[in-house]
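Listed below are the residues making up each chain.
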Amino acid sequence: MIQLLANGAGAHDNETQQLLISAFENALRSMDKIPSDDHQKLYKDFINFLSELPYEEVKLKRACENMADLYPAAAFPLHVLSMHFIQSESFSEEAVQCYSRLLGMDSESGSGLIGLGIKALKDKKYEEASQNLIQGLKHASSCVTGWYNLALAQLKMHKYEKSNSSCKQALKLLSAPKSISDYGTQQKNEVLRLSVEALVKAGRSDWSKEAISTLEQFSDASNDPALLALKGQAYLHTGLVDQASQIASDLAVSHPDLAEAYALSGLFHYSQKNYAQAEKNFQRAIERKADVAEYYYYLGLVYWFMSEETRKDKAKTLTHFIKAAKLDAYMGKAFCYLGHFYRDVAEDKGRARGCYRKAFELDESDGDAGAAVVDLSMELGDTSSQKARRVEAKATRLGQQQAAARGKQATGTLGGRAGRREEGRQGGRRQDTALTILKKVTNRASAGTAKWAWLRQGLYYLRMNQHTQAVADLQAAIRADPQDPNCWESLGEAYLSRGGYTTALKSFTKASELNPQSIYSMYKIAAIKQMLGKYKEAVADYQLIVQMSEDYVPALKGLGECYLMLARSALNNYLDGRAVDCVEQALEFFTRAIQHRADASCLWKLLGDACTTLQCVSPSKVNVRVSGLLLSHNESSQKQALNQTALLALGGRCYGRALQLMPVSANLWCDIGINYYRQAQNFAAKGHGGDAKELLEKSLQCLKKSVMLDSGSHLYWNALGVVASCKGIENYALAQHAFIKSFEVEQNNVVAWTNLGALYLKNENVELAHEAFKVAQSLEPSYVMCWIGQALIAEAVGSYEAMDLFRHTTELSMHTEGAKGYAHWVCATLQDKTNRNSELYCYNIVQMNAVPAAQVVLSKYTERIQSDAAAFTMLGYLNEYLSLKGLAKDAYQRTLVLVKNAEDHEKLNSALRNSARSLCAAGQYEKAIQAYMSTPRTEFDDLTGLALAYFKKGLLKESTKAYEKALPVAASDEEKAHVLTALALIEYKQNKIDSAKTLLFKCSMLKEPKIESLQALCALGLAKGDATLSSAALNELLKHVTIEDHTYERCLLTSAVFALQGKNMAAQRQIAKAVHSNPGNTGLWTLLSKLVPHFTPRCANGGAVAGTVAQTLNLNRAKQSLLYIGMNQLAAGRHLAEDENNNALKTIQRAAHLCPDNPATWAALMAACHTENTVSCLNRSKPRRIALEKSFVSMVSAQAERNKKLPSSYTESLEKWSLWQAVTGLRQAGNASEAEALCTKALSSHPDQPMTFLLLRQVQCEQLLHTHKQLPRTVLDELKKAVVSNFTSVTAWHWLAEVYKSQGLMVAAEMCYRQSLQVASQQSSVNGKLSSLLQLALLALTLCTAKIADPHWSSLVQEATNEALKISFSSVALLLQALLQFSVKMGARETRRLLERVVYQPGHAETVRSVARWYLLQHLHAKNDVELIDVLFENAKASGDVRVEELYEQLSSSQ
C-alpha cells in the first residue's frame, strides 16, 4: 500500500506526504529481518520517495547515510547523496568523501565524477575538472549542473566552442517539460549568460550575432550591466561600432565604477586605433578589477600597437602580457604575444619558442603560434647544426696548426666533435619537435584546413629531400587556401626539386598571378623557361623583372645566360649576325650584374664565355660594343666597339678575374686555356705567328693545370689533346696520351675517339684513323665529326663512297668541312657531262636532290668562312645551275675580290669570266661587257660571252663582230654551229631574213648539225608563215632528235607546223600523243591545256583536265595552269548556273589571286564576268557583275605597262581585245555613252588604231539603229570604209552584215558574210569560218521563214550548214537545218526527226536544245501527239527549260 501511494509523491498534499514518511519509517523499523533484500528494497523506495520532495533534504540525507551504514556495499545511497551534494552545491569534506567512496565502489559513477569535477573547478584545476566532468556526463548526461560546470571549466580554459556546446546541452535538459533537472528560470539564465560569454569571447562575427540573439531571451538584460557589456563587445565583433559606443557611454554614466564598462570603452577605442584613450580606459578597468587577465592582455595589445617605443618598453608591453599570463595560465594569446616580444624585440629566440609552444599547447587552433614555434624550432635546429660544424672545422684547423702538441690537438679535435654532436642532437630534437607538432596538427586536420601546418610540413620534407611527400603536403596547403601565393611558390619549389619543370612552371605562374609584385615568382618562371630551352620567353620574363628592380642580379645573370644560349643556337644554325647581336646583349647584362656583384666569379666566367663564343665567326662580322667598365678601371660606362681579336683578349682577362676569386677551379683553368687557344688561332689567321706561338704555350700550361686539379674530367683531357696536336705545338705523343686518358675516364666519349682518329689521319696513319672513327661511330652514330673523318679517309684512298659520306654529314648537321667536301663532289660530278645517263649520276645528283642541298650548306659555309675563294666559286656555280642569277653574281663577285691581288692570273681570268657571265645573266650587261673586256679575250668562252652581252645590250654590230672573232677559235662543229645560230638570230633581229636563212642552212650542212640550229630554222619558217621551210626543217630535226630528248620543243614545233598548215585537229592530237608517251612531263600537259581552246574548243573539258594534271604534277606552274583551266572552262560553257563550285569564274578568280601581275588573267576574268552576265540575261535574271569593264581595262593596261618582260605585240593585242570586250559588255548593258567615251579615250592615246576607230563607229551606229530609221547612204559608206580599213577582221564584216540586215539590204549582208568567210579561210581560222557559215545560214533561214519565194535562200541554208558540219560538229548547224525543214514542211516526219536529233542526242548545248524543244513542241501539238508531248515535257522539266514549260501551258489552255 505504501509503495502504491508513494508513486506520484509530488501530487499529494503536505499532510499525506508526512503520513507516507511516517509509514515508510515504521515499515523499515518493523521489518523482521534486518538487513535483508526486502529491507534494502524498501529503503530504496523510501529514498526515491524523499528525493521527489524538495523540502525534505535533511531526512533524505539522513536516510542515505543510514542506508550506507547499514549496507556499506550498496552504491545507491551514495549516488543519491552525491546528487544531493551536487544540486545543493555543497563541496565540503563530507561531500568529497562521499564522491570518493562512490568512485571506490564504481569507478565510472557519473555522479562521483561530476562531483569531483566540480570540486576541481572550485579549486581552479580546470583540466582535471574538465576531464572528470566529461567522463561523468557520459554516465549521467541528464545532470544540468554537470553540463553547466563543464561549460564553465571550458570557458576558463578558453575553449569557447566546447563551452557553448556544453551550454546547449544544459539548455536542452532545462527545456524538458517534466525533467527532474528543472530548477527554474534562474538556472536557465545562468546557463544562457555563460553561453553568451563564450560566444562573445570567441571573437567571431557569426558567434557574436548568435550571442546578440541569445541576449534577447533575457527579460531584464537591459538592467544587467555585465550583460550590457557583453552585448557591447558582440556589437564590436559584428562591426556595429555605433551601437557598441552607445552602450559603453550609457554604462559609463549609469555605472561609473563598473570595470566592464571601462573595458568595453577601451575595446571600442582600441578598434578605432585610438590607443591613448584605450590605454586610459583599460587602466581604469584594472583599478576596479585588478585580477582580470583580459584587461592586462588588452592593455598590452594597446602598447604593442601604439608605437614602436611602447612596443619595446618592457615596463609596458612585456609587463602586462606577463601579468595576463600569470592571472590566466590558459590564455594562449597572451603567451603568443610574449613570443612576439621575445622574438621581434628582445631577439631571444629560445624564450620566444617556449612562449609560442605554450600558446599552441593551450590553443591548437592558433595557427600563428603553431607556425611560429615550428619556424623557430627549425631555425634553431639549423643554426645549432651550422654552429656545430663551424666549431668542428675551427677546432680541426687549430689542431693541425699545432702539430707539436699532439695531446692538445686530439683534445681540441675531439672536443670540437663532441660539441658538434651535442649541439647537433639538440638541433635534431628541435626539428623533431617541430615535425611532431606538424604531424599532430595535420593528422587531425580536416580537408581544407591547417594551411600553416601543411605548408611548413611540406617545406620540412622539401629540406629533407623527400620531394614526393613535400608535394603532397603543399598540395594540401593549397587546398586550404588556394589564393596564397606563398603556398604556390613552395609547391613550385617542390616540383622543381624532383624535376617536374612543367608543373613547377604552372605553380610559379599561379603564384605570380596571385601576387604580381613577387619578383621571386617571376624569376623562377623565367629560370624554368631557361632550363626548358625557351630562351626568348625567358628573356621577356627576365626583362619584366629588371624593369621592376634594375639591380636584381639573378635576373641580370639570367638575361645574359639566355642571350648567350641564343647566340650559341644561332651559331649552330649559322646565323652569325644574330649571334653577334645576342652576344652584345649578353655582355651588356653581365656587365650590369658585375657592377652590383663584382665578387661573383660565375659572372666573370660567363663574361669570358660570351667573349669567346664568337671565335668561329668571320672576323669581318664581329664588331661588338662593350661597356667601358670592362675595358678600364674607371667608372665610365661609354661603350666601345671591339673586333674579334680584342673581344677574345677581353674574354681572357675576364677568365683571369674569375681565377683570382677561385684560383683552384679546374673548370676556369680549362676555360682560360681554350680562350688562349682561340686567340692563337685568330693571330695565326692574320699571319702573326710569334704571338700565336706564345699564346699556345700559355694555353697548354693552363690546360695542364686544369688536369692537375681535376684529372677525372674527360673534357679537360680532351682539350689538352686538341691543343697539344695543333700546329705550333705538335706534341703528338702528349695529344695521343691525353685523348686516351679522356676516353679512359669516360668510356662513352665520342669526341675523344674522333679527335684521336683526326690525330692519326694527320700523321697519315689511315688504318688507325679508320678504327678510331669506327669506334666513335659505334658510340654515337649521329656525331657528325666522325663521319667527316671517314669521308676524308674515303677521299684520300679514292673510294666512290666519299660523296655518300659527305652527303650524310650534311644530313646529320651543318659543319664547314662536311659542307665544303660535299659541294666539291657535287660540282665535280656536274662538270663531268659524260656520266649524265649513268645510275651513279641519277642517284647522287637527281634522286638525292644534291644541287639544292649542296647550295644550302655551301651558303652557310661562305657566311661563316668568307676568305675561301674556291668555296665562293663553287657556290656561284651551284647558284647558276639553280637559276639563282643574283646569288650567283654575288658569289662570283666575292671570288673576284678574293683573287684580285693574287699572282695566279689564270685564277683571276677564271673569276672574271665567271663574274661576267653571271652579270650578263642578271641583266647587268654594261658591267658584263666591262668584265669580259678585262679578260685576254683569246678564249672561245670569253668571245662568245662578250658577244652575248653585246647582243643583250642591243649592240648588234659589236655582237656580230665578237661572234665572227669567235668563229675561227671554235674547236668543234658544235661550237661553230652555236656561233652560226647566234649570228642568224642577230640577222633576224635586223630583219635580214635571207641572211638568217643562209647562216642556218650552213649549220645544217655541217657533219653533225646541232638541234638548236634546226629548231631555229623551223621557228624562222613558222614566224614568216613559210610552211615549206618549217616542214623541211622539222623533218630534218626529227631525224636527229631521239624520242627522249627535246620532247617539249619537238612537240611544240610539230603542233605549230600543223597549225600553220590548217590542221588544227592534227596539232591537238600531236600534243595528246606526246602526253600519252610522257605522262610525267608537266610542260606537255600545260601546252595541251593552253592550245585546246584555240584549236579544238569542243574538247575544252579535256583541256581543263589537262590543266588540272599539270597543276598537280608541278605546283610551281599553278599560276599558268589555273588560267588555262579557266579558259577551257569558258570554252566549254562552265558557268555558275551549271556548277557553283567548279566553273570558269571561280577558277580565274583563283588565278588572279595567285598571279595578279599577269594582264592575261584580268582579261580572262573580264571574259568570265561577261559570260556570267550573258547567262543571267538568258535565264531572265538580273546580272550581278556590272560596271566592271572600265576597271578591268585599267588593270590590263596597268599590268601590261608594269610587266616589261612580255612581248610588246602580245600586250598590245591583249589591250585591244580587252577594249573590244569592255565595249561589248557596255553595249550589252545599254551603256552606249560609256562605251563611246571609252573608245574616244583609247583613240586619244593611240590615234593610229583602225580597230578602235571601227569600234567607235559601231557604238555610234548602234545608237542610230535604235531609232529604227533608215540610215543615209553616206553613213553606210562611212561604215563600210571603216570596215574595209580592218578588212582582216572577221567580226568587222559580221557587224557590217548586221547593219545591212537592219536596213533590209539582204544581198549586201550576204556579200559581207561571204567576205568574212574568205578572210577566215585566208587566216586558216576555223572558228572564223564556222561563225561566218552559221551567220550566212541564219541570214538565209530568216528570209526563208519570211516566206520569200526564192529557192536561193533555202539552198544557201543547206549549203552553209553542210560546209559547217564538214569543218566541225556543230549543234547550231543541225538546229538551222531542222528549222529550215520546219519552215518548209512543219508537219512532216522529217521535221520531227531533225528536231528530235537535236533535243535527245547527247553533245548539244542546252541553249540549242531549248530552241529545238520550242519548235518540236509546236510540231507535236499540231500533230496532236500527246504521248510524245509528255515525253518532251518531262525532258524540259528535267533540263529546267522554263520557256518550253510556259509554252506547254499556253498550248494546253488554248485547247
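Look above for the structure.
Asks: Where do I start with the packing of helix H10 (residues 160-174) against helix H11 (residues 185-201) in this structure?
Replies: The relative placement of two packed helices comes down to the angle between their axes together with the axis-to-axis distance. Contact pair H10 / H11: the axes reach a minimum separation of 9 Å and the direction vectors enclose 160 degrees. By the angle between their directions, the pair H10 and H11 is classed as roughly antiparallel. Along this stretch, H10 crosses H11, giving a crossing that reads as left-handed. Contacts between H10 and H11 involve Tyr160, Ser163, Asn164, Cys167, Ala170, Leu171 and Leu174 from the former and Gln187, Lys188, Val191, Leu192, Leu194, Ser195, Ala198, Leu199 and Lys201 from the latter. Here the residues of the contact of H10 with H11 are counted per class, giving 10 nonpolar, 4 polar and 2 charged.

Asks: I'm lost on a negative patch on the surface in this one. Help?
Replies: A cluster of acidic residues, Glu903, Asp904, Glu906, Glu939 and Asp941, forms a negative patch at the surface. Inspection of the secondary structure assignment puts Asp904 in the loop between helix H46 (885-899) and helix H47 (905-921).

Asks: Quick question: what am I supposed to make of the side chain of Ser618 here?
Replies: By the element assignment, Ser618 lies in the loop between helix H32 (601-613) and strand E1 (624-627). Exposure remark for Ser618: the relative accessible area of 6% places this residue in the buried category. If near-sequence neighbours (up to four positions away) are discounted, Ser618 is found in contact with Glu863, Arg864 and Gln866.

Asks: Looking at this structure, how should I read the nonpolar core?
Replies: Buried together is how nonpolar side chains tend to be arranged in soluble globular proteins. Among the nonpolar cores identified, the biggest contains 125 residues, and Tyr297, Leu338, Val374 and Trp452 are the most heavily contacted of them. At 10 residues, the largest contribution of residues to this core is made by helix H17 (residues 293-306). Here Val374 is in contact with Ala434, Ile437, Leu438, Trp452 and Arg456, once residues within four sequence places are set aside. Met522, Cys670, Phe743 and Leu759 belong to the second largest nonpolar core, which has 119 residues in total.

Asks: I would appreciate a short explanation of the environment of Val144 in the present structure.
Replies: Examined against the element boundaries, Val144 turns out to sit in helix H9 (residues 144-156). Residues Val144 and Leu171, 27 residues apart in the sequence, show an inter-C-alpha distance of 8.0 Å.

Asks: Help me out: how do you make sense of a positive patch on the surface in this one?
Replies: A grouping of Arg937, Lys957, Lys961, Lys965 and Lys992 is seen on the molecular surface, where their side chains present a positively charged patch. Positionally, Lys965 belongs in helix H50 (residues 956-969). Note on Lys965: relative accessible area 56%, which makes it exposed.

Asks: Explain empty space enclosed by the protein here, please?
Replies: Sizing a probe to match a water molecule and rolling it over the atoms shows the empty space that remains. Here the structure, examined in full by the defined rule, presents 2 cavities of 30 Å³ or more. There is about 60 Å³ of room inside the largest cavity. Lining the largest cavity are Met1166, Cys1169, His1170, Asn1173, Arg1185, Leu1188, Glu1189, Phe1192 and Gln1221. Mapped by element, the contributors of at least two residues to the lining of the largest cavity are helix H61 (1159-1178) and helix H62 (1189-1202). Here the lining of the largest cavity is composed, by residue class, of 4 nonpolar, 3 polar and 2 charged.

Asks: I keep staring at the packing of aromatic side chains and nothing clicks. Help me out?
Replies: The relative placement of two aromatic rings is captured by the distance of their centres and the angle of their planes. Evaluation of the coordinates by the stated rule reveals 18 aromatic pairs. Each ring, one from Tyr460 and one from Tyr461, has its centre 5.7 Å from the other, and the planes form 70 degrees; the classification is edge-to-face. Assessed through its relative accessible area of 9%, Tyr460 is described here as buried. Lying over the aromatic face of Phe335, Lys358 brings its terminal NZ or CZ to 5.9 Å of the ring centre. Over the ring of Tyr574 we find Arg864; its NZ or CZ atom is 4.1 Å from the centre of that ring.

Criteria and cut-off values
Residues numbered from 1 in each chain as written. Predicted model: local features only at pLDDT ≥ 70, side-chain atom pairs only at ≥ 80, totals over all residues. Heavy atoms only, no water. Axes fitted to C-alpha atoms, helices over the stretch in contact; angles between N-to-C directions. Helix = DSSP H or I, 4+ residues; strand = E, 2+ residues; numbered from the N terminus. Parallel < 35°, antiparallel > 145°, perpendicular 65-115°, else oblique. Left-handed = near helix turned anticlockwise from the far one by under 90°. Contact = heavy atoms within 4.5 Å. Nonpolar A, V, L, I, M, F, W, Y, C, P; charged D, E, K, R; others polar. Patch = residues over 30% accessible without salt bridge, like charges linked within 9 Å, V, L, I, M, F, W, Y side chains within 5 Å. Areas by Shrake-Rupley, 256 points an atom, 1.4 Å probe, with all protein chains shown as cover. Salt bridge = Lys/Arg side-chain N within 4 Å of Asp/Glu carboxyl O. Lys, Arg positive; Asp, Glu negative; His and termini not counted. Charge placed at Lys NZ, Arg CZ, Asp CG, Glu CD. Buried < 20%, exposed > 50% of the residue type's maximum accessible area, 1.4 Å probe, protein only. Core = buried A, V, L, I, M, F, W, Y, C linked by side-chain atoms within 4.5 Å. 1 Å grid on protein atoms, 1.4 Å probe; cavity = no way out; pocket = protein on both sides within 12 Å on 5 of 7 lines; lining within 4 Å. Points joined across faces, edges and corners; volume = space filled by probe spheres on them. Phe/Tyr/Trp six-rings, centres within 6.5 Å; stacked < 30°, edge-to-face > 60°. Lys NZ or Arg CZ within 6 Å of the ring centre and 35° of its normal.

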